[in-house]
Amino acid sequence: MDRFLSSAVNRIDAKGRVSVPAHFRAVVQKRGYSELYALRCLDVPALDVGGLDLLDRYEQRIAQEDPFLRTADDMSFFCHGDGMFLKLDQDGRITVSDFIREHTGISSEVAFVGRGNFFQIWEPSRLAAHGAEVRARLLQLRQGTKPGERPE
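Let me begin by describing the structure that accompanies this report. Starting afresh in each chain, residues are numbered from 1 along the sequence in its written order. Only residues with pLDDT of at least 70 are given local features in this predicted model, and only at 80 or more are side-chain atom pairs given and counted; all residues enter the totals for whole chains, interfaces and linings. Calculated side-chain values reflect all of the structure's heavy atoms, with hydrogen atoms and water omitted.

Okay, the packing of aromatic side chains next. Any two aromatic rings considered together are summarised by their centre-to-centre distance and by the angle between their planes. Two rings belonging to Phe, Tyr or Trp (six-membered ring only in the last case) form a pair when the distance between their centres is within 6.5 Å. Interplanar angles under 30 degrees mark stacking, angles over 60 mark edge-to-face geometry, and anything in between is tilted. Evaluated as defined, the whole model comprises 7 aromatic pairs. With centroids separated by 5.0 Å and ring planes inclined at 40°, the aromatic side chains of Phe24 and Phe119 adopt a geometry described as tilted. Linking Phe24 in helix α1 (residues 22-31) with Phe119 in strand β8 (residues 119-122), this pair joins segments that are 95 residues apart in sequence. Of the two residues, Phe24 and Phe119, neither departs from the other in class, the shared state being buried. A network of ring pairs unites the aromatic residues Phe4, Phe24, Phe112 and Phe119 as a single cluster. Counted as over-ring charges are cases with an Arg CZ or a Lys NZ within 6 Å of the ring centre that also lie within 35 degrees of the ring normal. A cation over an aromatic ring shows up here: Arg57 above the ring of Tyr58, its NZ or CZ 5.4 Å from the ring centre. Only DSSP runs of H or I reaching four residues or more are called helices, and only runs of E reaching two or more are called strands; each is numbered from the N terminus. Think of it in three bands: with a 1.4 Å probe and only protein chains considered, a residue is buried below 20% of the maximum accessible area for its type, exposed above 50%, and partly exposed in between.

With respect to topology, 6 strands assemble into an open sheet ordered β1-β7-β8-β4-β3-β5, the strand pairing being antiparallel. Each end of this open sheet is capped by a strand with a single partner; those strands are β1 (7-11) and β5 (83-86). Taking each pair of neighbouring strands and ignoring which way they run, the sheet shows an average axis angle of 25°. For two strands to pair, DSSP has to find at least two bridges joining them. Strand direction decides the pairing type here: strand β4 (residues 47-50) and β8, joined by 3 bridges, are antiparallel. Looking at β8, one finds that Leu47 is bridged to Ile121. Lines fitted to the C-alpha atoms define the axes, with helices restricted to the stretch that makes contact. Angles between their N-to-C directions range from 0 to 180 degrees.

Following this line, the structure appears as structure tokens:
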């Protein structure tokens, strides 16, 4: 398996660390990530977490922009200023820093959710609410209705 799949909730220990789920650590190891890049999401209270390939993807997109326009500067501010590196300790834990807590609202537990080439870190109740919204939107698509409409 070389994709981040499934989800898990783990408790933060007394030293402010949380274990990354074993199946996520296996993907990290298989991909050879020595450190993790974390980026605050723009539209949800979560962090996207992956290897340097995730950062590379953002930097390649920035390179396509005119460096004299605000878009390139805004994108750089976002992926560099709203990003940080996370270190996995020898036991597969990361420290839940203020950077993480402020954006996510995490206090005592961390929800991890796979997103294929990366994973996300959430406060568990916020992830549950977001998951319900996502499923409702997808159900509306499946039923061919627009948001707020009822299927016939």
